[in-house]
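Chain and residue survey
Here is how the chains run, residue by residue.
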Amino acid sequence: VAMLLINAALLVVVFLAVARGYEKNKGKSPRGIQSFFEPIILFVRDEVVKPNIGPRYESFLPYMLTLFFFILFGNLLGLLPGAGNLTGNIAVTVTLAVLTFIITNFNGNKAYWSHIFWTPGVPLYLRWIILPVEVVGLFTKPFALTIRLFVAITAGHIVLLSLICLAFIFKSALVG
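From a predicted model like this one, the values you see are computed outputs, not experimental measurements. Chains are numbered independently. Their residues run from 1 in the order of the written sequence. Local features are withheld for residues below a pLDDT of 70 in this predicted model, meaning they are given only at 70 or higher, and side-chain atom pairs are given and counted only at 80 or more; totals for whole chains, interfaces and linings count all residues. Excluded from the side-chain calculation are hydrogens and water; included are all heavy atoms of the structure.

1. Side note on helix H3 (residues 57–77)
Look at H3: 29 Å from first C-alpha to last across 21 residues, which is about the 30 Å you get at 1.5 Å a residue. Buried residues are those whose accessible area, probed at 1.4 Å on protein chains only, stays under 20% of the maximum for their type, while exposed residues exceed 50% and partly exposed ones sit between those limits. Secondary structure is summarised from DSSP: a helix means a run of H or I of at least four residues, a strand means a run of E of at least two, and numbering begins at the N terminus for each. Along H3, the residues classified as buried are Tyr-57, Phe-60, Leu-61, Leu-65, Leu-67, Phe-69, Phe-70, Phe-73, Gly-74 and Leu-77. Elements that come into contact with the buried residues of H3 comprise helix H1 (2–24), helix H2 (33–53) and helix H4 (90–106). A helix's residues, less one, multiplied by 1.5 Å, set its expected span. Throughout, a contact is declared for two residues whenever any of their heavy atoms are within 4.5 Å.

2. Details of the pattern of salt bridges
Any Lys or Arg side-chain nitrogen located within 4 Å of an Asp or Glu carboxyl oxygen qualifies as a salt bridge. Under the defined criterion, the tally for this structure stands at 3 salt bridges. For Glu-23, the salt bridge is made with Lys-26, and the minimal N-O distance between the two is 3.8 Å. Taken as a pair, Glu-23 and Lys-26 share a single burial class, namely exposed. Between Asp-46 and Lys-50 there is a salt bridge; the shortest N-O distance is 3.8 Å. Of the two residues, Asp-46 and Lys-50 both sit in helix H2, 4 residues apart, roughly one turn of that helix. Among the residues examined, Asp-46 registers a relative accessible area of 28% and is labelled partly exposed.

3. So, the packing of helix H5 (residues 110–117) against helix H6 (residues 124–169)
Look at H5 against H6: their axes get within 7 Å of each other, and the N-to-C directions meet at 125 degrees. Compared by their axis directions, H5 and H6 come out oblique. Listed contacts from H6 to Tyr-112, Trp-113, His-115, Ile-116 and Phe-117 of H5 are Leu-131, Glu-134, Val-135 and Leu-138. Here the term charged refers only to Asp, Glu, Lys and Arg, the term nonpolar to Ala, Val, Leu, Ile, Met, Phe, Trp, Tyr, Cys and Pro, and the term polar to all other amino acids, Gly among them. By residue class, the composition of the contact of H5 with H6 is 7 nonpolar, 1 polar and 1 charged. To obtain an axis, a line is fitted to C-alpha atoms, over the contacting stretch when the element is a helix, and the angle between two such axes runs from 0 to 180 degrees between their N-to-C directions. Throughout this description, any angle smaller than 35 degrees is read as roughly parallel, any larger than 145 degrees as roughly antiparallel, any in the 65 to 115 degree range as roughly perpendicular, and the remainder as oblique.

4. Considerations on the environment of Val-92
Along the chain, Val-92 turns up in helix H4. Setting aside anything within four residues of it in sequence, one finds Val-92 in contact with Phe-70 and Leu-86.

5. Details of a nonpolar patch on the surface
Patches here are clusters of residues that have more than 30% relative accessible area and form no salt bridge, with a 9 Å joining cutoff for like charges and a 5 Å cutoff for nonpolar side chains (Val, Leu, Ile, Met, Phe, Trp, Tyr). Per-residue accessibility takes into account occlusion by the displayed protein chains alone, with areas from the Shrake-Rupley method and a 1.4 Å probe. A contiguous nonpolar surface patch, about 710 Å² in accessible area, is contributed by Ile-90, Val-94, Val-98, Ile-102, Phe-106, Phe-143, Ile-147 and Val-151. Contributions of two or more residues to the nonpolar patch are made by H4 and H6. Per-element tally for the nonpolar patch: the top contributor is H4, with 5 residues. Note that Val-151 resides in helix H6. On the accessibility criterion, Val-151 (41% relative accessible area) is partly exposed.

6. Points about the confidence of the model for the chain
pLDDT measures how confident the predictor is about each residue, on a scale from 0 to 100. Residues with a pLDDT of 70 or more make up 99% of the chain, whose mean pLDDT is 88. Mean pLDDT values over the elements of the chain span from 83, in H5, up to 93, in H3.

7. Thoughts on the side chain of Arg-127
Within the element layout of this structure, Arg-127 appears in helix H6. In this tally, Asp and Glu contribute negative charge and Lys and Arg positive charge; neither His nor the terminal groups of the chain are included. Here Arg-127 sits buried without a salt bridge, and the closest side chain of opposite charge, Glu-134, lies 11 Å off (N-O distance). Polar contact criterion, stated in full: a pair of N or O atoms within 3.5 Å, where within protein one must be able to donate a hydrogen and the other to accept it, and residues adjacent in sequence count only if both atoms are side-chain atoms. A polar contact is formed between the side chain of Arg-127 and the backbone oxygen of Val-122, at a distance of 3.0 Å. With residues near it in sequence (within four places) discarded, Arg-127 still touches Trp-118, Thr-119, Pro-120, Gly-121 and Val-122.

What follows is the structure in structure tokens.
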């Protein structure tokens, strides 16, 4: 919880500074902290969000940027000695997955739901087989993404702890 609050406070402080820089330098080239974050924001917008969401990307851009920087800052803070990693906690990853699941499904249009319930281009006799697969996939994707993010971070911690324990097993600081 402490790391979550530190992460949130850091995000607010950094991006208020970026917003102030944007307002101050309107029409000019970015300076200071804004010049560091603007290319990252443009990359996420142009290379990640826009190609994957399509023409309605602007309504999802604030959420996607928040998600991106929340995970980035949380993982970078987790590299500090004695700090806890946010995405190494299953509760955090479940919350991110549930929020994304809700946003995705409540904003799904007719084409989105027709691809799930009546998959185009599939023969009629196969549609009755694909329908349950699609519905199950709708719920397993957030679960799978939750587990992937959690396991990736946790596995890194386990490997580090295993390597540190070798120093104690072999009773040698040189091995450590």
